[in-house]
Amino acid sequence: MTYQPLPISAEAMAHQRDWAKSLRAQIAGGAKFAFVNADTPHEIFHAMDMPVVVNQWWSSVIAAKQLSTWTLDRGAEMGFHDSLAKYSAMGVISALDGDPGKQPWGGLPDPAILCARQSSDDQQRLFQLYADKAGAPLALLHAPAPAENLPRWWERARDDWEALYGTARLDLMQAQIEELIAQVEGITGRAFDRDGFGAYMERIEQQELIFEEASQMIAAAERMPVRIGEQIPNVMIPQWHRGSDWAVAHAERFRDAVADRIAQGGAVVENERVRMMWIGAGLWFDTKFYTAFEEEFGAVFAWSMYLPFAADGYIRRSKGDYLRALAARVVTMNEQLHQAPWANEWLVKQARDYRIDLAVVLVPEADRPSGYCTNFITEDLRAAGVEVVEIHADMVDARKWDGPAAKSAVTDGIRKVLDA
Amino acid sequence: MRIAIFGHGAPIGVLGAIGVTAHDVTLCEAPAGTAADRYIEPFMDPFATSVLRGMAAGALDEFAAILFLRESPGAMHACLYAHELARRGVMPNAAPNAIMLNILPADDPAAGRFNRAELDRLTRTLTGLGWQAGAARPLSPQLDDLLARQSAGQITGAAAFDARARLAAGGVVDVADAPTAGPRLAILGAPLGNAALHAALDRIGTLALDQQALDQAHAARGVTLDAALSAQAANPFAARQPKAVFVPALAEALKTHQIDRVIWQRDPNDDLWGWLAPQVRDLCAARGIGWTDLGALPRWPTAADIAALTLGEAVA
């Protein structure tokens, strides 16, 4: 059986290409845009019709265009040592380098504002470099820690977020979002529409609930209907445009396409023998890795964080206060994926839901906040009966990628599962 | 009851203003081989690794609580790991309570409200453990005096480092004058756990300035709560300072202390200070100040680590 991609996957990719082309044209035409981290309140920029370039998305584009080696080597020449983070830095280094021949789209013009959250220790330094180069303001959001990471966050986060994340932290984040609104109003000359924002937030919730349905269908399917290489663009492209008419409609099309595929008995491989989960960010420079074990072993990557996190990471019921709900969405967004007990508990729950046999954990040692908690995760997954393979590599640094060694490690893991 | 604090740039002034005396355990080196080790990734912040080992081994049991400074690199993760290890039953029951402490180095109104809310939470938590507010010993005058004497060449860099460490840990210091001579050096970059590098640099010249000491002195300032919180916000050497004030403040410090050469070093898994290295290098070049980048160095360097640096050539 030859795997047939979902037709809507091409639609998603085409939409992103059109959007990128349009954004590029807008930017070339002098439109002001924001350069922001993934865990910041994009909703404010979207609501005020200010184009956004997401740092980590831009980094993945650089990697996918096989420009990471050039860019990171240039960073080394500038004097940045090799243990520094790559995923959040590549777009910044690329901008500092400024070589139009070595950047996607010939490079970005200077953003009108930058926005980052101090979720890791380097963000203020990294973004200040870009802000200085661009001569643009930096909206830097504080990221204090909760007193305690309470268990089963995904159950409490939808409604009980005030207690889960803490009133003081939410007050702070909400106040900073208000400041951000004022900054964006100043840049765009447009007023923030608070009533319209509520309707927009409701559409986002609708979108994430649709993705939750899709995730539950895939998890429950007898055989894996859709490769994660397809799941990711079908989720993340709408997520970058979350709440737009297109994004909500695409989420519905994706859910329906998955349902059809399952109903028709379609599967990634005919004889599925091993279900795998990919823990960590996407392996952006070698996405073919995800399919490398299908033919020989019937081993399928069934899970990546992007689809289930759309619901668990984003649904925060407003209770009439949409800005506070937005604060609850971003105040701990990234940390839930990388800190104990949040990450380890959630991954075990996901592994059970998806009936995972083997987890492949990407450990990016030079991106410590993403690498922390690995040993808790692996121990808990093993205790839950999941075989675990760790791959020490970086999501965007192709220089450090040893494909044959990674394949060999995963192959050994698959054989253990099959021999068990 | 005894309270410890973990993290570089401990806000001693803030804590003192609310009646908390905290003993700094950040530089305590604990050996491997504890029950916590299997959970500690090799790239973890070395100070975080050490405090977790210390807690797991019972070396810090004299303290009822350890305050972990979220704004100090690695300290937040150390606190989270301490919580998780306790949840798993790995941490001994006698280990100190791990308390997350957020004091933002910022003074905008929202940050101000947040900081005060956090301090209220801290006093409630400590009270629940049996703590009572008391008069805290201000360290700022002694830390400032050590900075001044080190800059004046009256005491060595190693003696100043050790004195600051003893002072922060609750000890008494009385450092006798030991005049230094030679080119005036500054040690910059990531904080260190011992004075081995300082001692080696003392043999080459006058180690007049230490970034770690500047951070510590700034963070300790302020007697009243308002003044102490303002001092936190104004600390240009705080690792997670959100304003772009590090390089201008450093430029001023290099001028004030008449530095001839900067010695830059970092942790092997540094993910923060390295972003500043090219700017500091360029600053030095623009000011005619020598620049020596020692690269990666363990945080508790041994004699062998120092010998491997061939400092005489590197600093020449």
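Bear in mind that the values here come from a model prediction, so they are computed numbers and not experimental data. (Residues numbered from 1 in each chain as written. Chains lettered and ligands numbered in written order. Predicted model: local features only at pLDDT ≥ 70, side-chain atom pairs only at ≥ 80, totals over all residues. Heavy atoms only, no water.)

A. Region of the structure containing the overall build of chain B. Within chain B, the secondary structure is distributed over 13 helices and eight strands. Since a compact globule built from 316 residues should have a radius of gyration of about 20 Å, the 19 Å found for chain B is in line with a globular shape. Across the 316 residues of chain B, 61% fall into the buried class. For chain B, long-range pairs separated by at least 24 residues make up 69% of all intrachain contacts whose partners lie at least 6 apart in sequence. With the model as given, the accessible surface of chain B reaches about 11,300 Å², and the carbon-plus-sulfur share is 54%. Of the charged side chains in chain B, 25 are positive and 31 negative; the average position of the first set lies 3 Å away from that of the second. (Helix = DSSP H or I, 4+ residues; strand = E, 2+ residues; numbered from the N terminus. Rg over C-alpha atoms; globule rule 2.2 N^0.38 Å. Buried < 20%, exposed > 50% of the residue type's maximum accessible area, 1.4 Å probe, protein only. Contact = heavy atoms within 4.5 Å. Areas by Shrake-Rupley, 256 points an atom, 1.4 Å probe, with all protein chains shown as cover. Lys, Arg positive; Asp, Glu negative; His and termini not counted. Charge placed at Lys NZ, Arg CZ, Asp CG, Glu CD.)

B. Layout of the overall build of chain A. A tally of helices and strands in chain A yields 19 helices and eight strands. Over its C-alpha atoms chain A spans a radius of gyration of 21 Å, differing by no more than 12% from the 22 Å that the globule rule assigns to 420 residues. In terms of its C-alpha atoms, chain A occupies a principal-axis envelope of roughly 60 × 50 × 45 Å. Expressed as a percentage of its 420 residues, the buried residues of chain A come to 65%. The contacts of chain A with a sequence gap of at least 6 include a subset with a gap of at least 24, amounting to 80%. Total accessible area computed for chain A in this model is approximately 14,500 Å², and 48% of it derives from carbon and sulfur atoms. Positive and negative side-chain charges in chain A, numbering 42 and 59 respectively, have mean positions lying 2 Å apart.

C. Structural detail: the side chain of Arg299(B). All names here are of chain B. Checked against the element boundaries, Arg-299 lands in the loop between strand 8 (290-296) and helix 12 (303-308). Within the structure, the side chain of Arg-299 is placed 3.2 Å from the backbone oxygen of Ala-190, a separation counted as a polar contact. At 2.9 Å, the side chain of Arg-299 and the backbone oxygen of Arg-266 are in polar contact. The contacts of Arg-299, once residues within four sequence positions are left out, are Pro-46, Phe-47, Ala-190, Pro-191, Leu-192, Gly-193, Asn-194, Gln-265, Arg-266 and Asp-267. (Polar contact = N/O pair within 3.5 Å; in protein donor to acceptor, adjacent residues only side chain to side chain.)

D. Just the pairing of strand 7 (residues 261-266) of chain B, in detail. All names here are of chain B. Most of strand 7 sits inside the fold, with six of its six residues counted as buried. Here five bridges tie strand 5 (residues 184-189) to strand 7, and the two strands are oriented parallel to one another. Its bridge partner lying in strand 7, Leu-188 is registered against Trp-264. The sheet contact formed by strand 7 and strand 8 spans five bridges and is parallel. Following the sheet pairing, Arg-261 is matched in strand 8 by Gly-290. Where the polypeptide runs from strand 7 across helix 11 (residues 277-287) and back to strand 8, its parallel neighbour, the crossover connection is right-handed. (Pairing = 2+ DSSP bridges. Right-handed = clockwise from strand over helix to strand, strands pointing away.)

E. Broad picture of the nonpolar core. Ranked by internal contacts, the top residues of the largest apolar core, which has 187 residues, are Ile44(A), Phe45(A), Phe254(A), Trp278(A), Leu381(A), Ile391(A) and Val410(A). At nine residues, helix 10 (residues 194-220) of chain A tops the list of elements feeding residues into this core. Apart from the residues within four sequence positions on either side, Ile44(A) is in contact with Ile177(A), Leu180(A), Ile181(A), Val184(A), Phe192(A), Phe197(A), Leu323(A) and Leu326(A). One finds Val20(B), Ala22(B), Leu167(B) and Ala239(B) within the second-largest nonpolar core, a separate group that totals 59 residues. (Core = buried A, V, L, I, M, F, W, Y, C linked by side-chain atoms within 4.5 Å.)

F. Representation of the packing of aromatic side chains within the structure. Within this structure, the stated rule accounts for 34 aromatic pairs over all chains. Note on Phe293(A) and Phe301(A): the rings are 6.5 Å apart at their centroids and 70° apart in plane angle, and the pair reads as edge-to-face. There is no split in this pair, since Phe293(A) and Phe301(A) are both buried. With a centroid separation of 6.0 Å and 35° between ring planes, the pair formed by Tyr372(A) and Phe43(B) is classed as tilted. With Tyr372(A) in the loop between helix 17 (368-371) and helix 18 (374-383) and Phe43(B) in the loop between strand 2 (22-24) and helix 2 (46-57), this residue pair bridges two chains. Three or more aromatic residues joined by ring pairs form one cluster here, namely Trp278(A), Phe285(A), Phe289(A), Tyr290(A), Phe293(A), Phe301(A) and Trp401(A). Its guanidinium or amino end placed over the ring of Trp70(A), Lys102(A) lies 4.8 Å from that ring's centre, counting from NZ or CZ. In this structure, Lys319(A) is placed above the aromatic ring of Trp161(A), and the distance from its NZ or CZ to the ring centre is 4.4 Å. (Phe/Tyr/Trp six-rings, centres within 6.5 Å; stacked < 30°, edge-to-face > 60°. Lys NZ or Arg CZ within 6 Å of the ring centre and 35° of its normal.)

G. Highlighting the interface of chain A and chain B. Between chain A and chain B, the contact holds 50 residues from the first and 51 residues from the second. A salt bridge links Asp380(A) to Arg88(B), with the nearest nitrogen and oxygen atoms 2.7 Å apart. In this structure, the connection of chain A to chain B is made through 28 residue pairs in polar contact (both at pLDDT 80 or more). Mapped by element, the contributors of at least two residues to the side of chain A that touches chain B are helix 6 (123-134), helix 9 (167-188), helix 16 (342-353), helix 17 and helix 18 of chain A. Its residues assigned to classes, the side of chain A that touches chain B shows 24 nonpolar, 15 polar and eleven charged. (Salt bridge = Lys/Arg side-chain N within 4 Å of Asp/Glu carboxyl O. Nonpolar A, V, L, I, M, F, W, Y, C, P; charged D, E, K, R; others polar.)

H. Structural view of helix 4 (residues 68-78) of chain A. Inspection of helix 4 of chain A places Ser68(A), Thr71(A), Leu72(A), Gly75(A) and Met78(A) among the buried residues, and these make up the whole buried set. The arc enclosing the buried residues of helix 4 of chain A, seen along the axis, measures out at 110°, which places them on a common side. Where helix 4 of chain A is buried, its residues meet helix 3 (55-64) and helix 5 (90-97) of chain A together with helix 11 of chain B. Among the residues trailing helix 4 of chain A, Gly79(A) stands out with phi positive, at a value near 115°. (Arc of directions from axis to C-beta.)

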